Amino acid sequence: MNRVDVCWSCRGGVVAGEGFCPTCRVIQPPDPRRDHFHYFGLNPGFDLDLGVLDTVYRQRQQQFHPDLFVSRGATERRYSMEHVTRLNEGYRTLKDPLTRGEYLLKVTGFREQTPENATPSDPAFLLEIMEWRETLEEVDLKGKNAAVQLQQLRDRMMETCDAEVVALGKGFHDWFVGGKREGLAVAAQHTDRLRYFTRFLDELDRKSELFF
Amino acid sequence: MSVLLDIAEPGQSLRPHEVRPEDRKRVVGIDLGTTFSLVAAVDVQGKPACIPDDEGRVALPSVVCYPQDGRILVGDKAIAASEQYPADTIVSVKRTMGRSLDDVVASEHRTGFGLEAGEGGMVRIVTSHHRVSPVEVSAHILKVLASRAEEALGGSLDGVVITVPAYFDDAQRQATKDAGRLAGLEVLRLVNEPTAAALAYGLDQGREGLYAIYDLGGGTFDISILRLTQGVFQVLSTGGDSALGGDDFDHLLCEYILKEMDEADPSPAVLQICKAAARQAKEMLSRVDVCEVRVALPHGEPFGIRVTRELFEEMIDDLVRATGTPCRRAMKDAGIRGHDLQGVVLVGGSTRVPMVRQYVKELFGREPLSDLDPDQVVALGAALQAQQLSGTARGDMLLLDVTPLSLGIETMGELVEKIIARNAPIPTARSQDFTTFKDGQTAMAIHVLQGERELVSDCRSLARFELRGIPPMTAGAARIRVTFQVDADGLLTVSAQEQTTGVQQSVAVKPSYGLGDAEIERMLREAMVHGEADWRQRLLHEAKVEAERVLSAAGAALREDADLLDDNELKRVKGLMLALWEASQKEDHEGINRARETLDRETVFFAERRMDRSVRKVMTGRKVDEFQ
């Protein structure tokens, strides 16, 4: 059931979080209680159509962007800014599989905070990461094949990341569609792996820039 | 009483973006360039065009000369006077905007004028007889362009859009905005140069898809990757070098000529002449394979030397290739490869150099586009954006830009913790929590930095401030939330709040390299162009906008729910609306606001009845959410 608010301008009824008043058409503030999925009008879940996300993002920008409110009053300008800040944050979060996964773990109540450990606690995974690191260290940056080697390593890592994305997507699917709570634990595990791999990719990319 | 009928007539209320012809405003776009600057406006047909001076020239050289007699010469007049006053002639001032003396000395070429450290370490320019800040010099250029535009458009300007290199950091942007204020201009927005260029291109051609904008100007290099979809210009990534441009080509040629002339320590006059000769030679070498450089010195033998294109290309090879790294990084950040692009657009005078074109072709694997004049396209795009911001544009175009560099704060071990990543769409706001590391710690220093590197010393320091009054707690117990907010101009505001007590500090990041508040205030007072009158005008405008909104809201409410009022009440509400409408036709903002407040106050009962009705409607299951 949608909550009812009152339009700040004409005081007519407004469904909380809707963009504009149906009576006087004036911009309304965003509803902080809506999560990113609800805000974008998407079903919560890991699988989402990025094309749809892009389209909604653009459409909302065309409704709310501060450029369209330059000549309006101070309150309207502020609400426009709040909407677009919200929109940009949601877009950034949902677009990337890693941030989307972390966000889903939060909204499902599985865990409040993303762990910040520099090293993984699972010894087997720690070993795996160390092997990747060693391979990276072994690339002779002064050698003439360095650029190619880095690219090959990057391609392999990307494949690994893709597999993690599939695995964590399955975990979320088990919860959102199958209703199995243990799906979230699986998703969390693969989200964590993806986070370490992403960090590794950042490091690799910093080295690759030497050859740009 | 026709007013009231209008107000109550369905479909007659003002929609948010509706424009009336009398609202048309005098707004322009200004490309404040390193070597020259332009101003452009959109005509009644919606086409942007650069505004020429009396002699038909659109490009104003970004040169300012301050002879001792107190005159201020700008543009071609300054160039003409530069031989007489070489030490009082400022060129390429853009390279010093928002920079410290150390930055400028590190990257700067020899100049005829001197430099020194001013307030907060920021660079000041020293002529033979006075000192002037880069912001003031830029303001003098802006003033000349503004008065040119005012003459052409027949009245004072309502607002300007000024372009900045996409890769400009916060300090450089702030300095540019300050220059606009100092010139007495209402700066509607700072727009990134490549984005402005894309606007001119996209709208001109109705293009869609992914584009790279390669912008090599006089002093700066920018690359931006954009997606154009149905009038939305979404910047996906940007990169560049804010100290690389055609000036550097001139510099290398100039040094070569000086060496051939055996001039180890040239006087300002000789330097000026050689620089001009180098520039001419560079321009000629874009058209011919070999050219003759002649240097006519005031005292002494004329000097001549042949320069081939091959030699010139050898000199600039490293510089041209240096543009490759930002391009590759921008493509990676956007998650695309060269073949995904629909086109590569060339912007900036330096893209006329054949070697640059050839390199861009190799880099992106396609022939670049240059069907619009690369010198004018930025100003044209800025004019379109100015029109859009004045609320009088016809099309539905929208610019979605990003912040070029990561923003963060200093943490333990002189490391930078990033809070907003580069290429984040703006406006944006992000928070991160930090804690105290000593028992009983009551203050926390916040050091704001910009850049991609991990060490504080490798990033640009933007501001420092202190959050005080944290209640003494054990180490790690306090929760200090630091919030970064970047507005649509790309300018940063930082605030810090202790979460358990609500103690708060906030600073608009006046960068350490920008003008101190005291300094800008002094300059504004001196240049007192904006006075009391402008302030009143603004208050009046705000009052009218609010009045219009309230009238439209009241009209909408009456259309919907007039039946909630009896005849007397209806009459009273309409009477108050009429009073507000009449007040809003006059030029007294206080009167308008009084009438608005009266209407607000006296219609509370009506609002309450409407609220009850809305709630009942939702309760009985009628959906209110099918709109937008």
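Residues numbered from 1 in each chain as written. Chains lettered and ligands numbered in written order. Predicted model: local features only at pLDDT ≥ 70, side-chain atom pairs only at ≥ 80, totals over all residues. Heavy atoms only, no water.

1. A word on the interface of chain A and chain B
The interface of chain A with chain B comprises 49 residues on the first partner and 50 residues on the second. Surface buried jointly by chain A and chain B totals about 4700 Å² across both partners, of which 55% is contributed by carbon and sulfur atoms. Across the chain A-chain B interface, the total number found is seven salt bridges. Between Lys-332 of chain B and Asp-205 of chain A there is a salt bridge whose closest N-O contact spans 3.3 Å. (Contact = heavy atoms within 4.5 Å. Buried area = accessible area lost by both parts, 1.4 Å probe. Salt bridge = Lys/Arg side-chain N within 4 Å of Asp/Glu carboxyl O.)

2. A look at the nonpolar core
In this structure, Tyr-214, Ile-225, Val-293, Val-295, Leu-341 and Phe-364 of chain B are the most contacted members of the largest nonpolar core, which totals 49 residues. Of the residues forming this core, the biggest block, eight residues, is contributed by helix α8 (residues 268-285) of chain B. Domain assignment of the residues forming this core places at least three in each of domain 1 (23-244 + 323-401) and domain 2 (247-318) of chain B. Val-56, Ile-129, Cys-161 and Phe-172 of chain A belong to the second-largest nonpolar core, a separate cluster that totals 47 residues. (Core = buried A, V, L, I, M, F, W, Y, C linked by side-chain atoms within 4.5 Å. Buried < 20%, exposed > 50% of the residue type's maximum accessible area, 1.4 Å probe, protein only. Helix = DSSP H or I, 4+ residues; strand = E, 2+ residues; numbered from the N terminus. Domains from an automatic or database assignment.)

3. As for the sheet that holds strand β9 (residues 123-126) of chain B
Residue and element names in this part refer to chain B. If you walk across this open sheet you meet the three strands as β8-β9-β10, and the pairing is antiparallel. The open sheet has two edge strands, β8 (114-117) and β10 (131-132), and neither has a second partner. Here four bridges tie β8 to β9, and the two strands are oriented antiparallel to one another. Residue Leu-115 lies in a different strand from β9, and its bridge partner there is Ile-125. Sheet contacts for helix α4 (residues 134-153): β9 and β10; angle to β9, the most-contacted strand, approximately 70°. (Pairing = 2+ DSSP bridges. Axes fitted to C-alpha atoms, helices over the stretch in contact; angles between N-to-C directions.)

4. Some points on the packing of aromatic side chains
All names here are of chain A. The tally for this structure, following the rule as stated, stands at 13 aromatic pairs over all chains. When the centroid spacing of 5.7 Å and the interplanar angle of 70° are considered together, the rings of Trp-8 and Tyr-79 count as edge-to-face. One end of the pair, Trp-8, is in the loop between β1 (4-6) and β2 (13-15); the other, Tyr-79, is in helix α3 (residues 74-95), with 71 residues separating them in the sequence. With a relative accessible area of 22%, Trp-8 lands in the partly exposed category. Among the aromatic side chains, those forming a connected cluster through ring pairs are Phe-125, Trp-132, Tyr-196, Phe-197 and Phe-200. Over the face of the ring belonging to Tyr-39 we find Arg-86, whose NZ or CZ atom lies 4.8 Å from the ring centre. A cation sits over an aromatic face here: Arg-195 above Tyr-196, 6.0 Å from the ring centre. (Phe/Tyr/Trp six-rings, centres within 6.5 Å; stacked < 30°, edge-to-face > 60°. Lys NZ or Arg CZ within 6 Å of the ring centre and 35° of its normal.)

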